[in-house]
Amino acid sequence: MDQIEIFKALSNKTRLQILGWLKEPELHFPEQPNADFENVGVCVGQIQLKSGLSQSTISEYLSILQRADLINSTRLGQWTYYKRNKEGLKKLSNIINTEL
């Protein structure tokens, strides 16, 4: 896990908001008929609607968070779902507590 990439990913307000939304998706997104939040995550379209940003911008933001190991994606048919990567966030917490 590259510390620089992690902190770059966290240096954007919308990306931080996305992580916050994904922490408690049931509070921030409508119910999804084909996938549950806990096991699959939130559909990229719902994240895009909530943010008010373009699909391409949200896709880039999610890609950055995924490369930093902060979120995971799952593909179901034509849809991609995202959820927080608990292991990646735990590693981030350890970096902050032990190295900074």
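Quantities reported herein were computed from a predicted structural model and do not represent experimental measurements.

If you trace the three strands from one edge of the open sheet to the other, you get S1-S3-S2, paired in antiparallel fashion. Taken across any chain shown, the strands that pair with only one partner, and hence form the sheet edges, are strand S1 (42-43) and strand S2 (71-76). For S1 and strand S3 (residues 79-84), the ladder comprises two bridges, and the chain directions are antiparallel. If you follow Cys 43 over to S3, its bridge partner there is Tyr 81. Strand contacts of helix H5 (residues 55-67): S2 and S3, with the helix running at about 120° to S2, the strand carrying the most contacts.

Looking now at the pattern of salt bridges. Scanning all chains against the criterion turns up three salt bridges. Between Lys 8 and Glu 5 there is a salt bridge, and its shortest N-O distance comes to 3.9 Å. Placement of both Lys 8 and Glu 5 in helix H1 (residues 3-9) is noted, with a separation of three residues, approximately one turn of the helix. Between Glu 60 and Arg 67 there is a salt bridge whose closest N-O contact spans 4.0 Å.

Further remarks concern the environment of Leu 19. Here Leu 19 shows up in helix H2 (residues 13-23). Leu 19 sits 69 residues away from Gly 88 along the chain, and the two C-alpha atoms are 12 Å apart. Not counting the four nearest positions on each side in its chain, Leu 19 is found in contact with Leu 10, Leu 65, Leu 70, Ile 71 and Arg 84.

Further remarks concern the confidence of the model for the chain. Overall, the predicted model of the chain reaches an average pLDDT of 92, with 99% of residues at or above 70. Taken element by element, the predicted model of the chain shows its lowest mean pLDDT in helix H6 (residues 86-99) (89) and its highest in H2 (97).

To continue, consider a nonpolar patch on the surface. On the surface, Phe 7, Ile 96 and Leu 100 cluster together into a nonpolar patch covering about 290 Å² of accessible area. Classification of Leu 100 by relative accessible area gives exposed; the value is 65%.

Any pair of aromatic rings gets described here by the distance separating the centres and the angle formed by the planes. Using the criterion set out here, one finds one aromatic pair in the structure. Relative to Phe 29, the ring of Trp 21 lies with its centre 6.2 Å away and its plane at 85°, an arrangement referred to as edge-to-face. Above the ring of Tyr 61, the side-chain terminus of Arg 15 is found at 5.0 Å from the ring centroid.

Rules and cut-offs
Residues numbered from 1 in each chain as written. Predicted model: local features only at pLDDT ≥ 70, side-chain atom pairs only at ≥ 80, totals over all residues. Heavy atoms only, no water. Pairing = 2+ DSSP bridges. Helix = DSSP H or I, 4+ residues; strand = E, 2+ residues; numbered from the N terminus. Contact = heavy atoms within 4.5 Å. Axes fitted to C-alpha atoms, helices over the stretch in contact; angles between N-to-C directions. Salt bridge = Lys/Arg side-chain N within 4 Å of Asp/Glu carboxyl O. pLDDT = per-residue confidence, 0-100. Patch = residues over 30% accessible without salt bridge, like charges linked within 9 Å, V, L, I, M, F, W, Y side chains within 5 Å. Areas by Shrake-Rupley, 256 points an atom, 1.4 Å probe, with all protein chains shown as cover. Buried < 20%, exposed > 50% of the residue type's maximum accessible area, 1.4 Å probe, protein only. Phe/Tyr/Trp six-rings, centres within 6.5 Å; stacked < 30°, edge-to-face > 60°. Lys NZ or Arg CZ within 6 Å of the ring centre and 35° of its normal.

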